[in-house]
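Below are the chains, spelled out letter by letter.
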Amino acid sequence: MRNLFMVVSYDGTRYHGFQTQPGENTIQDHIEASIRALTDETVKIISSGRTDAGVHARAQVFNFETQSAIPIERWCLALNTRLPNDIVIRSAQEVPLSFHSRYSAHWKTYRYTINANAFPDVFNRSYEFHHPTKLDIEEMRKALTHMVGTFDYTSFASRKSTKDSHVRTIYKAWMEHDVSSAIPGTRDQGIIHTYVTGNGFLQHMVRIMMGTLLRVGQGKFKSEDIPGIIAQMDRAAAGPTAVSHGLTLWEVGYELSDINLEK
């Protein structure tokens, strides 16, 4: 038996999230079907975590056990020829049988993208939230700093969350502001990428954080309101859930010893 570790990128636009759900079109369904077509095995892949409907991934991680003797260097091409063109396996390697994509993960980074120009970008509209009116970006940066730390993030969790604990640690969070697409002399503010790295995330957590930051940018909250919002541990205290298509699972971090890699 072999345990294979793979990294996949996908455009989540037309999928109902990563994880298999009855009667739904999911990323997991397509990957498992491609493995079955290749090896004639029925496997259940283990991912680093689920993503919501419409959310994308630059580097989602999954693993599965197989009895196939296919050389590791052939797996990516073999699976990609059987997958839709909006799902691409980027890398594959063999790992110890003890490796588990979710339990072995040490951190994850998500990126949320806001297009703050007057008009949407026809080419990137599926990967960014368009906000055409003025945002106070510096106030949003200040607010973001208050979200970093170890807290009970109930205020930023879906009301449907079934987790026993809502305590998580956000290690770091930062914004990158790219004004190269802004037309001089207009009210364009360019593209705002917000990155959040933590040891784990609750259902809708990053999207609620972003909805709250947008309220700050609009002047409806102040940056110094964030600690109080967190302390309330009440979903009603925070902003709305930002749209899913602006969110991308950016990276998942592992210890090299866990996946038997050398730099």
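Residues numbered from 1 in each chain as written. Predicted model: local features only at pLDDT ≥ 70, side-chain atom pairs only at ≥ 80, totals over all residues. Heavy atoms only, no water.

K.L.:
If you had to explain the overall build of the protein to someone new, which residues and values would you point to?
P.N.:
On a plain count of helices and strands, the protein comes out with five helices and 10 strands. Computed over the C-alpha atoms, the radius of gyration of the protein is 20 Å, within 12% of the 18 Å expected from 2.2 N^0.38 for a compact globule of 263 residues. Seen along its three principal axes, the alpha-carbon backbone of the protein occupies a region of about 60 × 40 × 40 Å. When the 263 residues of the protein are sorted by exposure, 52% land in the buried category. Surface exposure of the protein reaches about 13,000 Å², of which carbon and sulfur atoms provide 50%. Computing the positive centroid from 28 side-chain charges and the negative centroid from 28, the protein places the two 4 Å apart. (Helix = DSSP H or I, 4+ residues; strand = E, 2+ residues; numbered from the N terminus. Rg over C-alpha atoms; globule rule 2.2 N^0.38 Å. Buried < 20%, exposed > 50% of the residue type's maximum accessible area, 1.4 Å probe, protein only. Areas by Shrake-Rupley, 256 points an atom, 1.4 Å probe, with all protein chains shown as cover. Lys, Arg positive; Asp, Glu negative; His and termini not counted. Charge placed at Lys NZ, Arg CZ, Asp CG, Glu CD.)

K.L.:
Just give me the short version of the side chain of Thr-26, but keep the residues and values in it.
P.N.:
With respect to the element layout, Thr-26 can be found in the loop between strand 1 (2-10) and helix 1 (27-39). Taking relative accessible area as the criterion, Thr-26 reaches 0% and is therefore assigned buried. Here Asp-29 takes part through its side chain, which lies 2.8 Å from a polar atom of the side chain of Thr-26. (Polar contact = N/O pair within 3.5 Å; in protein donor to acceptor, adjacent residues only side chain to side chain.)

K.L.:
Outline unusual backbone geometry, supporting the account with residue identities and numerical values.
P.N.:
If you check the backbone angles, Asp-40 has positive phi at about 65° while not being a glycine. By the element assignment, Asp-40 lies in the loop between helix 1 and strand 2 (46-47). For His-204, which is not glycine, the phi dihedral falls at a positive 70°. Looking at the secondary structure, you find His-204 in the loop between strand 9 (191-198) and helix 4 (205-217).

K.L.:
Let's hear about the pairing of strand 9: which residues, and what values?
P.N.:
Residues in a regular strand project their side chains so that they alternate between the two faces of the sheet. With eight of eight residues buried, strand 9 is to be regarded as a mostly interior element. By the alternation rule, side chains of strand 9 split into Ile-191, His-193, Tyr-195 and Thr-197 and Ile-192, Thr-194, Val-196 and Gly-198, which are all buried. Pairing geometry for strand 5 (residues 107-115) and strand 9, over eight bridges, is antiparallel. Looking across to strand 9, one finds that Thr-109 is bridged to Thr-197. Pairing of strand 8 (residues 167-178) with strand 9, which is carried by eight bridges, proceeds in the antiparallel orientation. The residue of strand 9 that forms the bridge with Trp-174 is Tyr-195. (Pairing = 2+ DSSP bridges.)

K.L.:
Can you break down the nonpolar core residue by residue, with the values?
P.N.:
Among the nonpolar cores identified, the biggest contains 70 residues, and Met-6, Ile-31, Phe-64, Trp-75 and Phe-156 are the most heavily contacted of them. Looking at which element gives the most residues to this core, the answer is helix 4, with eight residues. Excluding residues that lie within four positions of it along the chain, Met-6 makes contacts with Gln-60, Val-61, Phe-62, Phe-64, Trp-75, Leu-79, Ile-89, Ser-91 and Ala-92. (Core = buried A, V, L, I, M, F, W, Y, C linked by side-chain atoms within 4.5 Å. Contact = heavy atoms within 4.5 Å.)

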